[in-house]
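Here are the chains, one letter per residue:
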Amino acid sequence: MDITGRKLFVKALQEEGVTTIFGYPGGTVTDLFDELYKQDGIEVVLPRHEQGLIHEAEGYAKSTGKVGVCLVTSGPGATNIMTGLADAHYDSIPLVCFTGQVPLSLIGNDAFQEVDIVGMTRSITKYGVTVRRREDLGRIIKMAFYIASTGKPGPVLIDIPKDIQTASGPAEYPSSVQIRGYKPNETVHVGQLKKAYKLLRAAKRPLILAGGGINIAGANDKLLQLAEKMQIPVVTTIMGKGAIPTGNPLYIGNSGMHGKYAANMAVSKCDVLFSIGTRFNDRITGDLNEFAPKAKIVHIDVDTASISRNVVVDVPVVSDANLALEKLLEWAESKDTAEWQAQIAEWDKKNPLEMRRDHGMTPQMIFEHVNRTFGEAIYVTDVGQHQMWATQYLELDAWHQLITSGGLGTMGFGLPAAIGAKIGNPEKEVVCFSGDGGLQMNIQEMATAVVQGAPVIICLFNNYYLGMVRQMQQLFYGKRYEATCLRRRKNCPANCKGPNPACPPYTPDFIALAESYGAHGIRVEREEDIQAALDQARTYKDAPTIIEFMISTDEIVLPMVKSGNPMSEMILK
Amino acid sequence: MKNRWIALYVENQVGVLAKVSGLFSGKSYNLQSLTVGTTEDETVSRMTICVTSDDITFEQIKKQLNRMVEVIKVIDLTDVPLHMKEILFAKVLGINAAEKLEVFQIAQVFHVEVSDVGNDSVLLECKLTERRNNELIALLRSKFRRIEVVRGGAVAIESISTSCR
């Protein structure tokens, strides 16, 4: 018996085991929402803006390992999710996004709320398609979930014209799908891997560079075993942070633009760089000619196109991290790297990650209290200075996960992603770190958190500035603080060089703002009050809490490597 | 930097051409020509693509094409014996009787067909290799004041018996 497209849509979601979708209604998807109204297995989360919606789906997907599902209307509903699509594409987050579309007969007519969303998102989705025949709908949805969640995960967009939603067609939802152009790699080339192992075996100064692929594949335990067995020190990328527990003696820290001194020195001096699940982003390599100049490089990645793109490698291995590590563990023999480890420890002692402790409350102090406070928790960051501090100072292990926007660097990601993570993990504590710039980019999602009963704890680092850019202006642009001061008003002096007693007040008042949403607000200005604020926020189970930490404007993220410079040339003070 | 050839089997669907060509523009790859048409299987189209690139970029282009869901198969034709032809129309305009004669002679030497003719113009229909077409255009341009050229882009298929290009 035939059924309508809208009925098949809901049936497909049910068969995919979807329990939560993030949806914002509109003219071309009202049929689908009407169908969702008639069932109760799938909960619909209504955000306050589609950009918030898709970041919520990303946070949900990252924290649960499930596919995040979005449903938005055509036109502006669809264009508003584009930033999130790009973000998910960069950070390999599995999403299936349904967009409504005007009826087939109107496509191309510049109809009301018509945009060519598939065309617009071609380069920021793993796959995207407009459903043009009702009988294709089931197969396309099946394809979408399969493509989004396999290989290198990513976002898939399905554009469904309104008349396809109401047209009758086959009731079947396929249980599997064959795609002749899409065969995710499920094997590993043992010969290549052997070469990699031989290099590791012979290395005097081996180093593991772990990227986000380890966290995505859930290969953390295997990587830890390999590192410990062969005594290989580990550095991570931002996305790879947490690949092995940060407390492990073999863990050095993050490498890259704001990496730890010892980590960047280790990359610069190692003789074998064993990289896995990273794409050698420019933030990791700096000047390519000076990147790991003494090292033979092994590169394991599930995406063929990530290999030998930015860095020429000696041993490329196309494989899922789990598969490759499993095989390596079969061969792994213990080895002595004490001398190399001592050298790294010496670097670390020379320039540890440490902020001054003699001028009030610093970000480091806040993270130290956070590290002591939360048992099992999901940490989510926005983008900017606080994000870099979080990746420098947060302690991560199997009970503490970090979610952050790495590739695209999307301000406004933090709050909604934290809400999505909380919705997916109601039993865990979710802590969002954000700056005063980024938080305001999706502040409307406070309402979503309140109505969803998602008591996330928002640690807001307020320094009155768009700090990351201000830092560049301070160091490289002669302190010309153009368009980075959030207190600046029309009557401020043109050549302002920083905060002074005549500065106008900050707007908004985040505490009053939190309260107006029915959430909680706590302002913290001194180190002595950090712990009490965190403890108090943890008692609020009904609604989110903004803890506004008043941070000195002078606090900058160090070390820092100027964009394009070699990683060994770090600004340390 | 040199010219390289790719044969690409893709799904014969809406948007696939845009996706492939968008890859070249989005990633600043240097696309020389791209032709597309359906194959013996009408659900599959075959593209013949010529790019100018260095070795590393070319490897990356092939990988990027391969990871597209709509791409079924990527074949590197750069060093493969193959048959390659490009269709080209060249109109030579504003010529006198002597010049017309000269165009006819050129057509004979280049083995191209004279497919139309008027009082002061001749239309040549060429099915040559891309390089030979380039040479023909250069010659016509050097000899005549006004020419009008339309090119179809090269199509290529692997050889059966020959071992040269």
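## Thoughts on the packing of helix α16 (residues 363-373) of chain A against helix α23 (residues 530-539) of chain A
Each pair of packed helices gets described by two things: the angle between the helix axes and the distance between those axes. Residue and element names in this part refer to chain A. Contact pair α16 / α23: the axes reach a minimum separation of 10 Å and the direction vectors enclose 45°. Relative to α23, α16 is oriented oblique. Handedness of the crossing formed by α16 with α23: right-handed. Packed against α16, whose contacting residues are M365, I366, H369, V370 and T373, the element α23 presents I530, Q531 and L534 at the interface.

## Observations concerning the sheet that holds strand β9 (residues 206-210) of chain A
Residue and element names in this part refer to chain A. The strand order across the open sheet built from 6 strands is β11-β10-β9-β12-β13-β14, with neighbouring strands paired in parallel fashion. Two strands lie at the open edges of the sheet, namely β11 (251-254) and β14 (315-318), each paired on one side alone. Going from strand to strand, the sheet's axes swing by 15° on average, the running direction of each strand aside. Where strand β12 (residues 272-276) lies against strand β13 (residues 296-301), 5 bridges are found, and the strand directions are parallel.

## Details of the packing of helix α1 (residues 5-15) of chain A against helix α7 (residues 137-149) of chain A
Residues and elements named next belong to chain A. At a minimum axis distance of 10 Å, the contact between α1 and α7 shows a crossing angle of 30°. Relative to α7, the element α1 is oriented roughly parallel. Judged by the sense of rotation from one axis to the other, the crossing of α1 with α7 is right-handed. Contacts between α1 and α7 involve G5, L8 and A12 from the first element and L137, G138 and I141 from the second. Its residues assigned to classes, the contact of α1 with α7 comprises 4 nonpolar, 2 polar and no charged.

## Describing the interface of chain B and chain A
Of the residues lining the interface, 17 residues belong to chain B; the matching set on chain A comes to 15 residues. Among the elements that make up the side of chain B that touches chain A, the one with the highest residue count is helix α2 (residues 55-66) of chain B (5 residues). Here the residues of the side of chain B that touches chain A are counted per class, giving 5 nonpolar, 6 polar and 6 charged.

## Focus: the sheet that holds strand β3 (residues 43-45) of chain A
Residue and element names in this part refer to chain A. One open sheet accounts for 6 strands, arranged β3-β2-β4-β5-β7-β6; its pairing is parallel. Either end of the sheet is taken by a strand with one partner, and the two such strands are β3 and β6 (127-130). Neighbour-to-neighbour, the strand axes of this sheet turn through a mean angle of 20°, independent of strand direction. Bridging between strand β2 (residues 20-23) and strand β4 (residues 68-72) involves 2 bridges; their strand directions are parallel. The residue of β4 that forms the bridge with F22 is C70. Packed onto the sheet, helix α3 (residues 50-64) meets β2, β3, β4 and β5 (95-101) and runs at close to 165° relative to β4.

## Structural notes on the nonpolar core
Soluble globular proteins: nonpolar side chains tend toward being buried together. All names here are of chain A. With 125 residues, the main nonpolar core has C70, L95, I158, C432, C459 and I547 as its most contacted residues. No other element matches the 9 residues that α7 contributes to this core. Apart from residues lying up to four places away in sequence, C459 is in contact with I366, V431, C432, F433, I547 and F549. Of all hydrophobic cores here, the second largest spans 60 residues; its members include A210, A243, A262 and L273.

Definitions and cut-offs
Residues numbered from 1 in each chain as written. Chains lettered and ligands numbered in written order. Predicted model: local features only at pLDDT ≥ 70, side-chain atom pairs only at ≥ 80, totals over all residues. Axes fitted to C-alpha atoms, helices over the stretch in contact; angles between N-to-C directions. Helix = DSSP H or I, 4+ residues; strand = E, 2+ residues; numbered from the N terminus. Parallel < 35°, antiparallel > 145°, perpendicular 65-115°, else oblique. Left-handed = near helix turned anticlockwise from the far one by under 90°. Contact = placed C-beta atoms within 7 Å. Pairing = 2+ DSSP bridges. Nonpolar A, V, L, I, M, F, W, Y, C, P; charged D, E, K, R; others polar. Core = buried A, V, L, I, M, F, W, Y, C linked by C-beta atoms within 7 Å. Buried ≥ 20, exposed ≤ 12 C-beta atoms within 10 Å, placed from the backbone.

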